[in-house]
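In case you want the letters, here they are:
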Amino acid sequence: MIPTPDLSHLNSKDFRNIYEPAEDTFLLLDALEQDQDELRALHPSICLELGSGSGCVTTFLGSLLKPSLAYMVTTDINPHAAVATVATGKKNGISIDTVETSLVQGLLPRMRHSIDVLCFNPPYAVTPSSEIAGNGIEVSWAGGIDGREVIDATLPFVKELLSEKGIFYLLLVSDNKPDEVVSLLQVEGFNAHICLQRLAGREKQLIVKVTRRT
Amino acid sequence: MRLITHNMLQCHVKNCNDNNFPLRLEEVEVELVEADFQPEFLQNIIGKLEWPAFVNTAVQLGNTNLPATIPDNAKDNEEFLKVLHTALLETHVQQGKMVCPNCSHVYPIKDGIPNMLLAEHEI
């Protein structure tokens, strides 16, 4: 079993500014753990997470890959989250570099077709469109119409980022019309399927696993 | 920010499309932080680096140990891999700024975190 990352360096005050790991985070960890043999066999060189928040997911992935080393890099638009991600990595013995940016701005074209593992727990909550702007904790959940606005803005980058052998793990909830997202990815030429799902209260959360079609 | 990350960042100001990589490091504070030496990882990552940009950046920081071109025997050359390891993974830029060589836009680095955000009118 891979240990859940130690977050004891973060307190309730930190979680006023950054998203505190919750059921959705743990579902993403479980999806990675479920694929641990495949992920180790992949020998990833570069792992990228968008909107890394506390850094829990990338730290977990780094621990899962040990003793192999990969370049773990994340982005977050929230400066508090960027600091927390680096600190969580450090606390758990995983070197993570975090870039304060929106999604992948500044990382392309250099990271084109380079990402072996891509993770995204997006802002998926249904909110008014006006709430998705900004850089505070609200952008960790505010997803606009159908909770899909940031997700849809990210999908075109997947083709740019994934390496030939790359795997993309995307968390969604039922409000996001996950079957539609899967179809959109398939139309783009990817293999995409729901690899894990769970009820969290009344909300169904699920993980879409995406690979290039070979 | 390790130099591997610096090697991945490019200016994305609207209409700044040429000569916008690598970003020039200025007024930097650098820390060396020991990291596990893993030859397999280095062997795999070499192909993903923009080598001349990486060498130039290391020189800007006073590290002149990297060869101008990747040696033919890079994958078995432990001496080379160790030099690469230090520059790529142990050299952390903690404070400073990155300046676009084309449009001179300044991207700050604070507490080891590069900030690539642009204002609305710059995108």
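Now for a quick tour of the structure. (Residues numbered from 1 in each chain as written. Chains lettered and ligands numbered in written order. Predicted model: local features only at pLDDT ≥ 70, side-chain atom pairs only at ≥ 80, totals over all residues. Heavy atoms only, no water.)

Focus: the sheet that holds strand β5 (residues 162–173) of chain A
Residues and elements named next belong to chain A.
Point 1. Read across the open sheet, the seven strands follow the order β3-β2-β1-β4-β5-β7-β6; overall the sheet is mixed. In the strand order of this sheet, the two ends are held by β3 (96–100) and β6 (190–200), each with one partner. When strand polarity is set aside, the average angle formed by the axes of neighbouring strands in this sheet is 15 degrees.
Point 2. Of the strand pairs in this sheet, β5 and strand β7 (residues 203–212) are connected by seven bridges, and their pairing is antiparallel. Each bridged residue has a counterpart across the sheet, and for Ile167 the counterpart in β7 is Thr211.
Point 3. Sitting on the sheet, helix α1 (residues 23–34) touches β4 (115–120), β5, β6 and β7, and the angle it makes with β6 is about 130 degrees.
Point 4. Contacting β1 (46–50), β4, β5, β6 and β7, helix α5 (residues 149–161) runs over the sheet at an angle of about 165 degrees to β5. (Pairing = 2+ DSSP bridges. Helix = DSSP H or I, 4+ residues; strand = E, 2+ residues; numbered from the N terminus. Axes fitted to C-alpha atoms, helices over the stretch in contact; angles between N-to-C directions. Contact = heavy atoms within 4.5 Å.)

Describing unusual backbone geometry
Point 1. With an omega of 5 degrees, the peptide bond running from Lys66 of chain A to Pro67 of chain A counts as cis.
Point 2. With respect to the element layout, Pro67 of chain A can be found in the loop between α3 (56–65) and β2 (71–76).
Point 3. That bond from Phe21 of chain B to Pro22 of chain B is cis: its omega, -5 degrees, falls within 30 degrees of zero.
Point 4. The topology assignment puts Pro22 of chain B in the loop between α1 (3–6) and β1 (24–32).
Point 5. Of note, the phi angle at His43 of chain A is positive, near 45 degrees, even though the residue is not glycine.

Looking at the sheet that holds strand β2 (residues 91–99) of chain B
All names here are of chain B.
Point 1. Spatially, β1-β2-β3-β4 is the arrangement adopted by the four strands of the open sheet, whose pairing is antiparallel. Of all the strands in the sheet, the pair left with one neighbour each is β1 and β4 (113–114).
Point 2. Sheet analysis places β2 next to strand β3 (residues 106–110), joined by four bridges and oriented antiparallel. Bridge pairing in β3 links Val99 to Val106.
Point 3. Of the strands in this sheet, β1 and β2 touch helix α4 (residues 78–90), which is tilted by about 60 degrees from β2.

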